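Okay, here's what each chain looks like letter by letter:
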Amino acid sequence: MKSVGKSVKRLDAIDKVTGIGTFTTDFTLPGMLFGKVLRSPHPHARIAKIDTSRAEKFPGVKVVLTHKNTPKNLFNTSATMTFTVPQMKPVLDQRIFDDRVRYVGDEVAAIAATSEAIAKEALKLIDVEYELLPAVYDPLLAMEDSAPAIHHSHAGKNIPGDIVRIPFNSVEEGFKSSDVIVESTFKLQVQKHAQLETQAAVASVDGKGNLTVWCTTQTPHPTKMILSAALGIPNNKIRVLNPPYAGGGFGVRIGCSAKAEPIAAVLALATQKPVKVVYSREEDFIASDTRHSGYVAVKLGAKKDGTFQALDVKATLNTGAYCSFGVETPGVLGAMGLAAYNVPHRNYYGHSVYTNITPAGAFRGFGAPQGTSSIESVVDMMAEKLGIDPVELRLKNIMKVGDPWHLPFECKSTGMAECVKEGAKKIGWESRGKLKSDDPNKRRGIGMGIAAWVSNSWPFCVDYDNAYLSMHQDGSLQLSVGAPEIGCGSGTSLAQLAADTLGVPFEAIDVTQGDTAMTPFSIGSHASRTLYATGTAVVAAAENLKQEILKYAAETFDIPLDNLDIVGANIVKVDNTVVISVNDLAVKAHLLDRQFIGVGQTIPSNASPMQAHFAEVEVDLTTGKVDVIKIVAAHDVGKAINPAIVEGQIEGGALMGVGYAISEEVVYDDKGKQQNYNYHYYLLPTAADRPEIEAIIVESNDPTGPFGAKGVGETGMIPTGAAILNAVTNAIGVRPKELPLSGEKMFKLLKENNLFVS
Amino acid sequence: MIREYVLSKTIEEAVGILTKNNGNAMVVSGGTDLAVDLRSESVKTEVLVDVTRIEGLKGITFDDGDVIIGASATMSEISTDERIKTSVSSLAKAAGSVGSVQIRNVATMAGNIVKAQPVADSSVMLVALGAEITIRGTHELKDILVQDAYITVGKSVVDPRKEIITKIKFKKPQKNQGTSFVRLSQRKALATPVINVGAMVSVKDNTIEWARIAMAPVDVKPVRATEAENFLIGKIPTENVFKEAGSLAVNNAKPVTHLVWGSKEYKLAVLPSLVARSLQEAIDEIETKGGMS
């Protein structure tokens, strides 16, 4: 009867597998126009002149919009502008269109026309005169006095918002008390989400002037607030929803990165017609947020016996042309980077830097893959220097329940030790250093990496959630939550929580998600939070509903409330005798003028899911090519509400981590032009490249999570790069300090160390 | 804008439509490159002449020592053909390396040749096999070597607005001949190779009689490693001989840096070992066939 802990079939399975599910890209309305965007060919320029008269005359064109005829309100396309914690101020540095462009692909103008082909053709007729400005692409160079100022900033040259400082006891003292200190700096690349559905929006205006936007966002409610700020329209005049699906997200849609939503909205408002804007894959690659590239420096001090004394981390990230999540990402990199180990002295200093490349924002792991790849490399360096096995060194230092840390919530559960031990067993850790390849020019190695993560965005952002659970007149149930289904299976898992809390079968529940007019407020599906944070609200709503139903039954049948419960499909007494079926009670209540509605309103705590990844790799000394043979991913998820969904999240994340480690990278030429702007040029692993991935679920049952659950949406991605870096080091005896470990980068490293075989 | 899409039934009809449209019609087979080019407007035409329904262009035939690949045979057909896999496994491997499964299900070798990308896996292998193509236009049939079909990047001697390729033909490798295809790429599908090498070696009395080595992308067309080929003549095949040949291959290579697919330095560094590997694999094949005495 209970569904929690069972791999019940996903509610969206048939929609997704057969293709009948609706996505924004599929969505169409009568009389709909098509919008296309003109983008900057220059990395940094002022628009001296823009003449749209030729485009306006083109048959089929309904409107041409530029910075001259659109609202100039400042906003931030990332949802951070709607939930920045009150002691900080959100960075507002974007307009729908500006008179200045700051990266190749920046939005200059938009056209609505009767067909996409006409709109595209008419773009060529917009005459723009650019006054070129000097451009800068590297964050370290952008901080120099001579660099062009890309935006106003107060914390330092081209530094958006404030610098993040996390002191925890005196790190200097910690290094003084250390016997051994190791340190190194790592260079991380730009990674792209490459989610299946490109950024897209359909906007429509009704007779009241109300705007409805069907779009790909992961955060309908915050996106409503961003549109409200950008357009100067009240929240209740804007409805944002998914129709109902979004084709993946991975963080790129926490808000409205690349502005499909606001651009569709202004085109619809200008024409009073529905307008559809679907970005091409190239537009999605060059204009929507990426993962932050940059530099992470790590210094670790330990006693001779391996006890960590001090950990100091410094990050300088490249946030590109606009801030987006450029303040929060370095913050989370530091806060969670310092959280895996019980180190008595910790320190973090980090920020991002504006440059003239595509803006960087939220991406699965939100700074953690960068931090973890670097920190875990240094932990392995320490293991080597001390002559202690990396598994032993980690087990000695990992956070345990109740250990002090710098975060404002307690560590109330951790299955990290079990993750490390189980993972080591499954990868065959005892064979580390003894693996031989059949080919004399290939070297094999094994490595590991660990990380602690979050189950929602507090304390880095405001985080709370709401749920309605209402009973239909026949006793079936409607769960309504603001966080959308972006492919993670969250709707299914939330229904499982509601069903088991209420005591009814899983099949009794249907779910409505991601619609600002029909669901209560949620900050959305991101930060590994939907199951944990929205789930907490769902459990509260189900408890509330259960009380409403039982109180009504108690009064109706004159039975003491504490003698009643819901079991299966029935209201039963403590002795298990059936009083009435839930369905019959609903019918009865309806005819006597009553609906049962449960409301859950919760402010979540936070809990750290813990994970340990292990990788086996083979390096070809004649080509530099790294083959990932196997990944073992052991995850403490608190409680697996739906094990198949949890395994899917872990495996998908691990594969994304493999791409991050060995092939994925967006490079820019010396004119700021992206070179990897589609699936051909961007080296995402294909199905054929997938190594064996073994997911291990560890359940520590966190006391703060719904049914003990913690987040899992991002964790699969976080320590994979670290495990592969350490495995490659184990294979060749030299440590790479730059990702990805592409054949070419590995060739250079092997050559420098006289290991390349020609 | 495309105004007409013709499903030709015969070679004559197809050539007739091309001639009638005087440059405004183009041959389409798998269309995996052409569709992309038309969409990006880098290629323009009003009429597309689909040749995939023409009987005479279909299939793979083995005929009296010749292997004949119809112009509309797809990469998937070629890479999974049992006879090809047995007697020219290198070509099955090359065809199976093109693009992705979805691309291979419609793409053709003839299209690969006309598109004239130097790095095209199947074309590189065809050069090593010494393959010829037959071209049909208003002129008489003419046969040319695949190797001579290239003018420069993206431009072949076959004009798809005037002519069609009808077949690809090469001699089936003998017992004393081995072939191989070696490819270094950054992932297993949808990746332009850093380097690919096709090789064919013929031995007589346990010494190398002759060798053909084709490599790419090291110039504007697939290039023969002629210095290495000349060096190999009369040599006893050993690891050191292959290594030496690999080093000599660099003398015929003029690669350029591509920011995604690899730098000039990287390509030149890996080329020798890939050429050596291709030669070793070709010799291994002869040994497996019992062609060494």
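### Structural notes on the domain arrangement of chain A
Residue and element names in this part refer to chain A.
Then step 1. As assigned here, chain A comprises domain 1 (17–133 + 196–248 + 253–287), domain 2 (293–458 + 606–752) and domain 3 (464–602).
Then step 2. The C-alpha-based centres of domain 2 and domain 3 are spaced at 38 Å.
Then step 3. Roughly 1,400 Å² of surface becomes buried between domain 2 and domain 3 when both sides are summed, with 63% attributable to carbon and sulfur atoms.
Then step 4. Summed over the three residues of domain 2 that lose the most area to domain 3, namely I641, P706 and F707, the buried surface amounts to 36% of that side.
Then step 5. Scanning the region where domain 2 abuts domain 3 turns up zero salt bridges.
Then step 6. Here domain 2 is connected to domain 3 by seven residue pairs in polar contact (both at pLDDT 80 or more).
Then step 7. Partitioned by chemical class, the residues of the side of domain 2 that touches domain 3 number nine nonpolar, 10 polar and two charged.

### Side note on helix α11 (residues 368–386) of chain A
All names here are of chain A.
Then step 1. Taking 1.5 Å of rise per residue, the 19 residues of α11 would be expected to cover 27 Å, and the 26 Å separating its terminal C-alpha atoms lies within 8% of that figure.
Then step 2. The buried fraction of α11 amounts to 17 of the 19 residues, a majority that puts the element mostly inside the structure.
Then step 3. G387 sits one or two residues past α11 and shows a positive phi near 70 degrees.

### Looking at the nonpolar core
Then step 1. Ranked by size, the top nonpolar core spans 137 residues in total, and within it I724(A) and I732(A) carry the most contacts.
Then step 2. Counting residues per element, this core draws most heavily on helix α11 (residues 264–289) of chain B, at 11 residues.
Then step 3. Excluding anything up to four places from it in sequence, I724(A) contacts A615(A), V617(A), V628(A), I631(A), V658(A), A661(A), I662(A) and L741(A).
Then step 4. Of all hydrophobic cores here, the second largest spans 54 residues; its members include V51(B), I54(B), L129(B) and I133(B).

### Side note on the interface of chain A and chain B
Then step 1. Taken together, the contacts link 28 residues of chain A with 25 residues of chain B.
Then step 2. Between chain A and chain B, a total of about 2,200 Å² is buried, with carbon and sulfur atoms accounting for 57% of that surface.
Then step 3. Where chain A meets chain B, there are three salt bridges.
Then step 4. With a shortest N-O distance of 3.0 Å, K124(A) and E41(B) are connected by a salt bridge.
Then step 5. Viewed at the interface, chain B and chain A are joined by 14 residue pairs in polar contact (both at pLDDT 80 or more).

### A look at the sheet that holds strand β15 (residues 345–354) of chain A
Residue and element names in this part refer to chain A.
Then step 1. Read from one edge of the open sheet, five strands run β7-β15-β14-β13-β8, paired in mixed fashion. The outermost strands of the open sheet, each flanked by one partner alone, are β7 (164–168) and β8 (180–188). Adjacent strand axes in the sheet meet at a mean angle of 5 degrees when their direction is disregarded.
Then step 2. As defined by bridge partners, strand β13 (residues 293–302) adjoins strand β14 (residues 308–320) across 10 bridges and the pair is classed as antiparallel. Its bridge partner lying in β14, S293 is registered against N318.

### Looking at the sheet that holds strand β22 (residues 578–581) of chain A
Residue and element names in this part refer to chain A.
Then step 1. Reading across the sheet, the three strands line up as β20-β21-β22 and stay open at both edges, with antiparallel pairing between neighbours. In the strand order of this sheet, the two ends are held by β20 (564–567) and β22, each with one partner. Ignoring which end each strand starts from, the neighbouring axes of this sheet average 25 degrees apart.
Then step 2. With respect to the sheet, helix α15 (residues 530–557) is in contact with β20, β21 (570–573) and β22, its orientation differing from that of β20 by roughly 125 degrees.
Then step 3. Sheet strands touched by helix α16 (residues 582–591): β20, β21 and β22. Its angle to β22, the strand with the most contacts, is close to 65 degrees.

Thresholds applied
Residues numbered from 1 in each chain as written. Chains lettered and ligands numbered in written order. Predicted model: local features only at pLDDT ≥ 70, side-chain atom pairs only at ≥ 80, totals over all residues. Heavy atoms only, no water. Domains from an automatic or database assignment. Buried area = accessible area lost by both parts, 1.4 Å probe. Salt bridge = Lys/Arg side-chain N within 4 Å of Asp/Glu carboxyl O. Polar contact = N/O pair within 3.5 Å; in protein donor to acceptor, adjacent residues only side chain to side chain. Nonpolar A, V, L, I, M, F, W, Y, C, P; charged D, E, K, R; others polar. Helix = DSSP H or I, 4+ residues; strand = E, 2+ residues; numbered from the N terminus. Expected span 1.5 Å × (residues − 1). Buried < 20%, exposed > 50% of the residue type's maximum accessible area, 1.4 Å probe, protein only. Core = buried A, V, L, I, M, F, W, Y, C linked by side-chain atoms within 4.5 Å. Contact = heavy atoms within 4.5 Å. Pairing = 2+ DSSP bridges. Axes fitted to C-alpha atoms, helices over the stretch in contact; angles between N-to-C directions.

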